[in-house]
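Given next are the chains, with one letter for each unit.
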Amino acid sequence: MTEKEETDAKQAPKKNLNQGHRSRMRKRYLTCGFSGFQEHEILELLLFYALPRVNTNPIAHQLLKEFHSLAGVLDADPVELQKIPGVREQAAIFLNMLPELFRYYQLSKETEQENRKQLEIDRASFMATHLQHLYTGVQREQVAVLLLDNSLQIIQECFLSEGSVTISTLSIRSIAELAFKYQAACVILAHNHPGGSASPSQEDCYVTKQVYTGLQYLNVTLEDHYIIGKNAVISMREHGFWETLL
């Protein structure tokens, strides 16, 4: 090699062995989450977003060496975190915020679940009262379909047939056509037991299952089936029957 070639080789930019490493780490996370990641890799990936132009791999290893675990790092005082070479104030605060973020996330999820549960209770109570009013004075068995939007608000309600509920008295196609006509997101089926118990019969269960399955093929959701008795209204979903459908 000539002297010039040696000089050019020394001056040529060295190949970055870590080129594309961050992209591969992010892609790996997007593919399978943190599954298969070791603790230092999790820390390394987290630090990407606090130290955008720094090799975070040795920093992650040093953090674990000092604080013994991922939990130990996240629970550490920000002042202590900054004693690790390469950990600046921004990165220390970022890591310290994560446990607080997790706590607020869990509280938010619990509140969301409680609100949803209360909404379901309120909706069931409203629907029971509404159906009692709808069937006031109805002396014979009748089947009704309630058409609802995405917010489960009633768009339209129709009586379909008279007589006991059997698969022969209900037309799944007719229910689907009503849903398409009124652009309903889902439907509620209802029928009454004049002078009798609101408890679902075997025939009620059979018909509900057939309607539920049939509407699924037509991309229509059967949200519930209510039975209106002499002194009570029963939701078959709340009664536990829906668990047999899912």
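Since the structure is predicted, the reported quantities are computational estimates derived from the model, not experimental observations.

Reading the values: the criteria
Residues numbered from 1 in each chain as written. Predicted model: local features only at pLDDT ≥ 70, side-chain atom pairs only at ≥ 80, totals over all residues. Heavy atoms only, no water. Helix = DSSP H or I, 4+ residues; strand = E, 2+ residues; numbered from the N terminus. Buried < 20%, exposed > 50% of the residue type's maximum accessible area, 1.4 Å probe, protein only. Contact = heavy atoms within 4.5 Å. Areas by Shrake-Rupley, 256 points an atom, 1.4 Å probe, with all protein chains shown as cover. Salt bridge = Lys/Arg side-chain N within 4 Å of Asp/Glu carboxyl O. Arc of directions from axis to C-beta. Phe/Tyr/Trp six-rings, centres within 6.5 Å; stacked < 30°, edge-to-face > 60°. Lys NZ or Arg CZ within 6 Å of the ring centre and 35° of its normal.

Visitor: Describe the overall build of the chain, naming the residues involved and giving the relevant values.
Guide: Counting its regular elements, the chain contains 9 helices and 5 strands. Its helices and strands in sequence order give the chain the pattern α-α-α-α-α-α-α-β-β-α-β-α-β-β, from N to C terminus. Taken over 246 residues, the chain has a buried fraction of 35%. Expressed as a percentage of contacts within the chain between residues at least 6 apart in sequence, the contacts between residues at least 24 apart total 57%. Approximately 15700 Å² of the chain is accessible, and the part contributed by carbon and sulfur atoms is 50%.

Visitor: Report on the pattern of salt bridges, specifying residues and quantitative values.
Guide: Between side chains of opposite charge, a pair can form as their charged atoms come close. Under the counting rule described, the total for this entry stands at 5 salt bridges. The partner of E80 in a salt bridge is K83, and the shortest N-O contact between them spans 3.1 Å. Across the pair R237 and E223 runs a salt bridge whose closest N-O atoms are separated by 3.9 Å. One end of the pair, R237, is in the segment after β5 (233–235); the other, E223, is in strand β4 (residues 221–228), with 14 residues separating them in the sequence.

Visitor: Could you give an account of helix α8 (residues 172–181), naming the residues involved and the relevant values?
Guide: Residues I175, A176, L178 and A179 constitute the buried set of α8. Along the axis of α8, the buried residues cluster in a sector spanning 160 degrees; they form a single face. Exposed and oriented more than 90 degrees from the buried face of α8 are R173, F180 and K181. Residue Q183 follows α8 closely and has a positive phi angle near 50 degrees.

Visitor: Would you mind going over the packing of aromatic side chains in detail, with residue names and values included?
Guide: Within the structure shown, the criterion is met by 5 aromatic pairs. Considering the side-chain rings of F34 and F37, the 5.6 Å spacing of their centres and the 85 degrees angle between planes classify their relative orientation as edge-to-face. Members of the aromatic cluster, each reached through a chain of ring pairs, are Y29, F34 and F37. Directly above the aromatic system of F37 lies the positively charged group of R28, at a separation of 4.0 Å from the ring centroid. The aromatic ring of Y104 is capped on one face by R103, whose charged end is 4.9 Å from the ring centroid.

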